[in-house]
Amino acid sequence: MAAALQAARQAIEHEDVPIGAVVVHDGIVVGTGHNARELDRDPTAHAELIALREAAKTLGRWRLTDCALYVTLEPCAMCAGAAVLARIDLVVFATPDPKAGAVQSVAELLDLGALNHHPKWRVLRGSRRETARGMQDRPITEGGRSMKFNGVLIGTDDPGKLKAYYTKLFGKPGWEDGGYFGWQFGDAGVAFGAHDQVKGKNQQPGRVIWGLESSDVKGEFARLKAAGATVVREPYEMGGGWIATLSDPDNNYFQLMSPMPTPA
């Protein structure tokens, strides 16, 4: 669901309703889509349909058996019907849609006995559901003033390796869903999961570095180092605070940093 939420945020850039969807096969994302009706001037450009089309192209078949569809909002009648026609095994949505949801809210299309396929379905619980609900309630405003940073998603071809590494540092993941897992730090979080476009180690680790704010950078650095974190740079002073850089087995960089001063 983390990947679907990430996709939903892209819809905001072109003033579409923030809905995202991914199709997962054997724990790997094979199709991604976000609402693009305004962008494409297409009434059928729903996140689910875009993700299903991409998945079919990736797998080379229209029958998406052994696949799961994750979507941030309960599918409408068109998208629920598409899941049936695509032979999707499982549909997971983060939050109900009382106005147009066709899984449980205004219709129960996936459970309709007359149909020839009945995907299993469930509603997500926990913080991801609240995040998705908040995206639907949040107005789209010019310049991103209504946006709030939620977190970062890091793809890998070996999620088990990263899960074991970060569990040593931060303990058991705060959440796991559909092969994805992550930790929440305050209002934002970091998530990891398999992605078919990611192979091997990060060749440009300085391009994107995710950070953790701490009032005790030196103390946390010592703890993480003792737990087995790979050190890129020991704590150093910058701008009146401290920064330390570490790395994971995929060569993704992350930093410990002192709290930034509040702008006057």
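For the structure, see preceding data.
Attention here is on the structure that accompanies the text. (Residues numbered from 1 in each chain as written. Predicted model: local features only at pLDDT ≥ 70, side-chain atom pairs only at ≥ 80, totals over all residues. Heavy atoms only, no water.)

## Brief notes about the overall build of the protein
Definition in use: Elements are defined by DSSP. Helices are runs of H or I of four residues or more, strands are runs of E of two residues or more, and each kind is numbered from the N terminus. Three exposure classes are used, based on accessible area relative to the maximum for each residue type with a 1.4 Å probe and protein chains only: buried under 20%, partly exposed in between, and exposed over 50%. Should any heavy atoms of two residues lie within 4.5 Å, those residues are considered in contact. A 1.4 Å probe and the Shrake-Rupley method give the accessible areas. Residues count as covered only by the protein chains that appear here.
Helix and strand counts for the protein stand at seven helices and 13 strands. Buried residues in the protein amount to 45% of all 264 residues. Partitioning the intrachain contacts of the protein with sequence separation of at least 6 by distance along the chain shows that 57% fall at a separation of at least 24. Counting only carbon and sulfur atoms, one obtains 52% of the accessible surface of the protein, whose full area is about 13,500 Å².

## A word on the sheet that holds strand 9 (residues 188–194)
Defined as follows: A pair of strands is labelled paired if DSSP reports no fewer than 2 bridges between them. Note on geometry: axes are lines fitted to C-alpha atoms, helical ones only across the stretch in contact, with angles between N-to-C directions running from 0 to 180 degrees.
The sheet built from four strands is open, its strands ordered 6-9-8-7 with mixed pairing. Single-partner strands in this sheet number two, and they are strand 6 (151–156) and strand 7 (175–177). Mean inter-strand twist for the sheet, computed between neighbouring axes without regard to direction, equals 20 degrees. Bridging between strand 6 and strand 9 involves six bridges; their strand directions are parallel. Bridging across to strand 9, Gly155 finds its partner in Gly193. Of the strands in this sheet, strand 6, strand 7, strand 8 (180–185) and strand 9 touch helix 1 (residues 2–12), which is tilted by about 120 degrees from strand 6. Against the sheet, helix 6 (residues 159–170) contacts strand 6, strand 7, strand 8 and strand 9, and its axis sits at roughly 25 degrees relative to strand 8.

## Observations concerning the nonpolar core
Formally: The criterion is simple. A nonpolar core is a set of buried Ala, Val, Leu, Ile, Met, Phe, Trp, Tyr and Cys residues joined through side-chain atoms within 4.5 Å.
Counting 28 residues, the largest nonpolar core has Val23, Leu52, Leu64, Leu69 and Ile88 as the members making the most contacts within it. Elements that contribute at least two residues to this core include exactly strand 1 (20–25), helix 3 (47–59), strand 3 (67–73), helix 4 (77–85) and strand 4 (90–95). Ile154, Phe170, Phe181 and Trp183 belong to the second largest nonpolar core, which has 20 residues in total.

## Considerations on the pattern of salt bridges
Condition: Note on definitions: salt bridges are taken to be side-chain nitrogens of Lys or Arg within 4 Å of carboxyl oxygens of Asp or Glu.
Enumeration over the complete set of coordinates arrives at five salt bridges. The partner of Lys161 in a salt bridge is Asp250, with the nearest N and O atoms 3.3 Å apart. With Lys161 in helix 6 and Asp250 in the loop between strand 12 (241–247) and strand 13 (253–257), the pair connects residues that are 89 residues apart, well separated along the chain. The partner of Glu220 in a salt bridge is Arg223, and the shortest N-O contact between them spans 3.0 Å.

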